[in-house]
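# Observations on the three-dimensional arrangement
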Amino acid sequence: MSAYHIQSLEEYFNQYRKSVEQPEVFWADLAANHFQWKAPWTEVLDWDFTKPEVYWFKNAKLNITENCIDRHLESKGDQTAILFEPNDPNEQAQHISYNALYQAVNKMANVLKDQGVKKGDRVCIYLPMIPELAYTVLACARIGAIHSVVFAGFSSTALATRINDCDARIVVTADGSFRGSKTIDLKGIVDEALEQCPQVNSVLVATRIKSKIHLETGRDHLLESLMSKASDNCPATVMDAEDPLFILYTSGSTGKPKGMVHSSGGYMVYTAYTFKNIFQYEEGDVYWCTADIGWITGHSYILYGPLANGATTIMFEGVPSYPDFGRFWEIVEKHKVNQFYTAPTAIRALARQGNEHVEKHDLSSLKVLGTVGEPINEEAWHWYDKTVGKGQAPIVDTWWQTETGGIMISPIPYATPTKPTFATLPFIGIQPALMDDEGQEIQGKQVSGKLCIKFPWPSMARTIWGNHQRYKDTYFSAFENKYFTGDGAIRDAVDYYRITGRVDDVIIVSGHNLGTAPIEDAINEHDLIAESAIVGVPHDIKGNALFGYVCLKDTEVRPDDAVIAKAINGLISEKIGPIAKLDHIVISPGLPKTRSGKIMRRILRKIACGEGDQLGDISTLLNPEVVAEIKEIVGR
Ligand code: WT7
């Protein structure tokens, strides 16, 4: 009996046991029976976390697009693969069938080929949530080019950094994007970025907002005209299971963004399998994940996971607040959405708008509600459960990361009893461990520690692009022979996990992973600023808000605080993007430091949170006197 569809807790425990006791047998059975391979593997798994090296389905050959598109054509060519819901509710939704998706992806693949793109080349994709984004991602996969999608809310500097890091020679973008009542000049941002990227020799521009744009002769081409001339037959390139499928950048606690590299075979198997079970997707269902494809959630659970299962997946171009805060529920009703997957920050923002927006709409199609990106608080959980799900649609609180490629800890709906704020049980094949500060694994129940994973899983990132050492240092050095997630977690009396948040210098704001260092670097570029430190403070809607302490250089000029604050947020928007702007800025006389010069963020965080009277012993600091001054200024 194949284990592909889990429908009871008992079955979950059975399969979980198999996946731990005989992981290779388990995954080989699953991979062989539910996917198309062009050549079999010679070894299911080969791994060594000390290097770290991980190979799944060694030497197997495949092309993920044949699994996501071609193999469905015969049985469901006319079924909607991607349902595009535009920003403007008055614009018609677009039902893109598997046949139509096949044609568009093949054309796009030929367009890329004509531009000289070959297997292994990196293609930077800077597109809004329009069908061309899906076509380009899948077209890359079809010809074995490595896609690097950059979220189209990132600034030109952030885009340039990402283009250069992976040495992309081609960028696919659009004239602009619609976002609620606004438009964004994407092509202008790309033009600015490319001033820093002389190696880019081809830019393909999709037409969306029909704005006047500059086209650089010889470099820039309108995508529409190339597509209209391209053949819709592009044979799928034979890929090794371990060939890179994509790079996706995530911010680290230090330095430049990390280009996480994901491979083809294991990623396909794991995202497909988790999608099927965690959303209990059945034939004919309409599934909607509100994320942007610029994040891993969109890669794995808008595109690859759903399409590998032959699902209907919604791609939404707009925002939850346009034309009003009922938009999500209007879409759920309109398309009879069965599985809905969003982030706690959206849930909180919508809950705040009151229940009328929800109650106006018929949401009875909903069978499963998902959440991802940050810990969900109890209040938001209950609102989601009662007001949106009417107590009838189980919540799957799914914990995972850009690095893990797929969902790691989550209930299986209708099988695992849920518990508010708990991600509950590890998914099949996942072996979590809680570690103490001495590096020992904490056994037993009702304990808390740093969350690690002690055995490889198929969709784990294989390296950081161009910097394997950093991959090792970041994830495999804190604890011997284990992948360290950067999160803290507790395990309760029934072995359920609750993720308590980051234990490093990453702050999650509205579900966006932000490293403190890049933001501080941006601030420190200001002429008058000597140094700065960012901490997270709880925020009702965003989960965390950014609180910045900045120290001015010792000069005669002391501009108005408001002027400095404005300049700081301007710099951050320019270097990173508006998502990283600070909510609070304090001009600080200094920063508390250890004797080795490390900024004591713990102290700054407490002061910012109004817990300045609970700092404990600060006498060992290099400059304890500064703490009282900061407390005075912050006044919390
Ligand atoms: C970090 C990873 C993977 C999807 C989007 C975020 C936090 C993610 C949960 C959850 C508590 C969560 C963790 C993790 N996180 N999901 N269900 N409960 N925290 O991907 O940007 O790579 O961020 O998001 O802190 O480490 P990402």
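For the structure given in this document, a descriptive report is provided here.

What counts as what
- Residues numbered from 1 in each chain as written.
- Predicted model: local features only at pLDDT ≥ 70, side-chain atom pairs only at ≥ 80, totals over all residues.
- Heavy atoms only, no water.
- Phe/Tyr/Trp six-rings, centres within 6.5 Å; stacked < 30°, edge-to-face > 60°.
- Helix = DSSP H or I, 4+ residues; strand = E, 2+ residues; numbered from the N terminus.
- Buried < 20%, exposed > 50% of the residue type's maximum accessible area, 1.4 Å probe, protein only.
- Lys NZ or Arg CZ within 6 Å of the ring centre and 35° of its normal.
- Salt bridge = Lys/Arg side-chain N within 4 Å of Asp/Glu carboxyl O.
- Near = heavy atom within 4 Å.
- Polar contact = N/O pair within 3.5 Å; in protein donor to acceptor, adjacent residues only side chain to side chain.
- Areas by Shrake-Rupley, 256 points an atom, 1.4 Å probe, with all protein chains shown as cover.
- Nonpolar A, V, L, I, M, F, W, Y, C, P; charged D, E, K, R; others polar.
- Pairing = 2+ DSSP bridges.
- Axes fitted to C-alpha atoms, helices over the stretch in contact; angles between N-to-C directions.
- Contact = heavy atoms within 4.5 Å.
- Expected span 1.5 Å × (residues − 1).

## Looking at the packing of aromatic side chains
- Here the structure, examined in full by the defined rule, presents 46 aromatic pairs.
- With a centroid separation of 5.9 Å and 85° between ring planes, the pair formed by W27 and Y273 is classed as edge-to-face. Of this pair, W27 sits in helix 2 (residues 23-34) while Y273 sits in helix 10 (residues 265-278), and the two are 246 residues apart along the sequence. With respect to class, W27 is no different from Y273; both count as buried.
- Ring centres of F316 and F328 lie 6.2 Å apart, and the angle between their planes is 75°; on these two criteria the pair is classed as edge-to-face. Remark: F328 occurs in helix 12 (residues 327-335) and F316 occurs in strand 17 (residues 312-316); sequence separation between them is twelve residues. Each member of the pair F316 and F328 is classed as buried.
- Here the guanidinium or amino end of R162 rests over the ring plane of F154, the centre of that ring lying 4.3 Å away.
- Positioned over the ring face of F422 is K419, at 4.1 Å from the centre of the ring.

## Looking at the pattern of salt bridges
- Taken as a whole and assessed by the stated rule, the structure comprises 34 salt bridges.
- Measuring nitrogen to oxygen at the nearest pair gives 2.9 Å for the salt bridge that ties E242 to R462. Placement of the pair is E242 in the loop between strand 13 (239-240) and strand 14 (244-250) and R462 in the loop between strand 22 (447-453) and strand 23 (463-464), with a sequence separation of 220 residues. In terms of burial, E242 and R462 fall into one category: buried.
- The structure contains a network of salt bridges with shared partners spanning E85, R327, E330 and K334.

## Regarding the site of the ligand
- Around the ligand there are 18 residues in total, and D397, T398, T402, D487 and R502 lie nearest to it.
- T402 has a polar side-chain atom sitting 2.5 Å from an oxygen atom of the ligand.
- Here an oxygen atom of the ligand and a side-chain polar atom of N513 are 2.9 Å apart.
- For the ligand, the accessible surface in isolation is 560 Å², of which the surrounding protein chains cover 95%.
- Among the elements of the structure, helix 11 (296-308) and strand 25 (497-502) are those that each provide at least two residues to the shell around the ligand.
- When its residues are assigned to classes, the shell around the ligand shows seven nonpolar, six polar and five charged.

## Things to note about the sheet that holds strand 29 (residues 543-552)
- Strands sit in the order 28-29-30 across an open sheet of three strands; the sheet is mixed. The strands lining the two open edges of the sheet, one partner per strand, are strand 28 (529-539) and strand 30 (584-587). Along the sheet, successive strands turn relative to each other by an average axial angle of 20°, direction set aside.
- Pairing analysis gives ten bridges linking strand 28 to strand 29, with the strands arranged antiparallel. Looking across to strand 29, one finds that S532 is bridged to V550.
- Sheet strands in contact with helix 19 (residues 601-608) are strand 28 and strand 29, and its direction is about 55° off that of strand 28.

## As for the pairing of strand 8 (residues 170-174)
- The element strand 8 is largely enclosed, with a buried count of five among its five residues.
- Both faces of strand 8 are covered, namely the face carrying I170, V172 and A174 and the face carrying V171 and T173.
- Where strand 6 (residues 122-126) and strand 8 come together, four bridges link them in parallel fashion. Note that in strand 8 the partner of V123 across the bridge is I170.
- Here strand 8 pairs with strand 11 (residues 202-206) via five bridges, running parallel. Paired with V172 across the strands is L204, a residue of strand 11.

## Observations concerning the sheet that holds strand 24 (residues 483-491)
- Pairing in this open sheet of four strands is antiparallel, and the strands run 21-22-24-25 from one edge to the other. The sheet terminates laterally at strand 21 (432-435) and strand 25, the two strands that pair on one side only. Pairs of neighbouring strands in the sheet enclose a mean axial angle of 45°, with direction left out of account.

## Topic: helix 10
- Its 14 residues place the ends of helix 10 20 Å apart at the C-alpha level, agreeing with the 20 Å of an ideal helix rising 1.5 Å per residue.
- Most of helix 10 sits out of view: 14 of its 14 residues are buried.
- With its phi angle positive at about 45°, Q280 sits one or two positions after the end of helix 10.

## A few points about unusual backbone geometry
- With omega at -20°, the peptide bond leading from K51 into P52 counts as cis.
- Inspection of the secondary structure puts P52 in the loop between strand 1 (43-48) and strand 2 (53-58).
- Cis peptide bonds are those with omega within 30 degrees of zero, and the linkage from Y322 to P323 qualifies with -5°.
- Along the polypeptide, P323 turns up in the loop between strand 17 and helix 12.
- Positioned with a positive phi, K390 is a non-glycine residue whose angle comes to about 50°.
- Within the fold, K390 resides in the loop between helix 15 (378-388) and strand 20 (395-397).
- Of note in this structure, Q446 is not a glycine but carries a positive phi near 50°.
- Checked against the element boundaries, Q446 lands in the loop between strand 21 and strand 22.
- A relative accessible area of 64% means that Q446 is categorised as exposed.

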